[in-house]
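# Analysis of the macromolecular model
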Amino acid sequence: NAARSAPPRALVDRLAAAGGDLRFLVVAVHACSDSAHTVPYVAALAREARVPLRIVDATVGQRVMESYRTPDGRAATPTVALLRGDRVVGAWVERPQVLQAWLLGRAASLPMPERMARKFGWYEWDRGESTLAEIVELAERLR
């Protein structure tokens, strides 16, 4: 995913405009499939928009994860905390909204192998675009 991470120029420009004192703290776990399908794209976006980004594991980022939970109440990775100055002002958690809604809704009744195959297929198709759009929109709202 890192090799093919090329964020759309429009999103890079929008994030740069929302930047200023913006920083990202990403809580991720190497073995987490959502982290693997998300963090490389977020890192490329941050790099191109010149937004500082730091990645920490779930032990270091536990407090952030517990403060910003999934819709079903879990602390999860990845969690992308948006900081202004030294203050966390918001976070994007685990998955794009459309994928999260599907996994918590219609997909819940699917057998786990099929559910995971479809999730991975969606990530391959989306190539980080939904995640990046949501993070940029969040950064713009939290100016």
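Owing to the predicted nature of the structure, the values given are computational and were not obtained by experimental measurement.

### Looking at the overall build of the chain
- Each helix and strand counted, the chain has seven helices and four strands in total.
- Going from N to C terminus, the chain has its helices and strands arranged as α-β-α-α-β-α-β-β-α-α-α.
- Against the globule reference of 15 Å for 143 residues, the chain gives a C-alpha radius of gyration of 15 Å, in line with a compact fold.
- Reported as C-alpha extents along the three principal axes, the dimensions of the chain are approximately 45 × 30 × 25 Å.
- A buried classification covers 45% of the 143 residues belonging to the chain.
- As displayed, the chain has an accessible area near 7500 Å², and 53% of this comes from carbon and sulfur atoms.
- The average position of the 20 basic charges and that of the 16 acidic charges among the side chains of the chain differ by 1 Å.

### Let's talk about helix H3 (residues 39–49)
- By the criterion of burial, H3 is predominantly enclosed, with eight of the 11 residues buried.
- Turning to H3, its buried residues number three or more, namely Val 39, Pro 40, Tyr 41, Val 42, Ala 44, Leu 45, Ala 46 and Ala 49.
- Buried positions along H3 lie against helix H1 (9–18), strand S1 (22–27), helix H2 (33–36), strand S2 (53–56), strand S3 (79–84) and helix H7 (129–141).
- Backbone geometry just downstream of H3 places Arg 50 in the positive-phi region, at approximately 60 degrees.

### Topic: the pattern of salt bridges
- Following the criterion strictly, the structure yields 12 salt bridges and no others.
- Of the charged contacts in the structure, one is a salt bridge between Arg 4 and Glu 124, with a shortest N-O distance of 2.6 Å. With Arg 4 in the segment before H1 and Glu 124 in helix H6 (residues 112–126), this pair connects stretches of sequence that are 120 residues apart.
- Residues Asp 34 and Arg 95 are paired through a salt bridge, measuring 3.1 Å at the closest nitrogen-oxygen approach. With Asp 34 in helix H2 and Arg 95 in the loop between strand S4 (87–93) and helix H5 (97–104), the pair connects residues that are 61 residues apart, well separated along the chain.
- Under the relative-accessibility criterion, Asp 34 is labelled buried at 3%.
- Overall, Arg 95 belongs to the buried group, its relative accessible area being 12%.

### Description of the nonpolar core
- Counting 23 residues, the largest nonpolar core has Leu 15, Leu 22, Phe 24, Leu 45, Val 51, Val 80 and Leu 82 as its most contacted members.
- Elements with a contribution of two residues or more to this core: H1, S1, H3, S3 and H7.
- Considering each element in turn, this core owes the most residues, six residues, to H3.
- Ignoring any residue separated from it by four or fewer positions in sequence, one finds Leu 22 in contact with Leu 15, Val 51, Pro 52, Leu 82, Leu 83, Arg 84 and Ala 139.

### Topic: the side chain of Arg 84
- Note on placement: Arg 84 falls in strand S3.
- Each residue touching Arg 84, except ones within four places of it in the same chain, is listed here: Ala 18, Gly 19, Asp 21, Leu 22, Val 89, Ala 139, Leu 142 and Arg 143.

Cut-off values and rules
- Residues numbered from 1 in each chain as written.
- Predicted model: local features only at pLDDT ≥ 70, side-chain atom pairs only at ≥ 80, totals over all residues.
- Heavy atoms only, no water.
- Helix = DSSP H or I, 4+ residues; strand = E, 2+ residues; numbered from the N terminus.
- Rg over C-alpha atoms; globule rule 2.2 N^0.38 Å.
- Buried < 20%, exposed > 50% of the residue type's maximum accessible area, 1.4 Å probe, protein only.
- Areas by Shrake-Rupley, 256 points an atom, 1.4 Å probe, with all protein chains shown as cover.
- Lys, Arg positive; Asp, Glu negative; His and termini not counted.
- Charge placed at Lys NZ, Arg CZ, Asp CG, Glu CD.
- Contact = heavy atoms within 4.5 Å.
- Salt bridge = Lys/Arg side-chain N within 4 Å of Asp/Glu carboxyl O.
- Core = buried A, V, L, I, M, F, W, Y, C linked by side-chain atoms within 4.5 Å.

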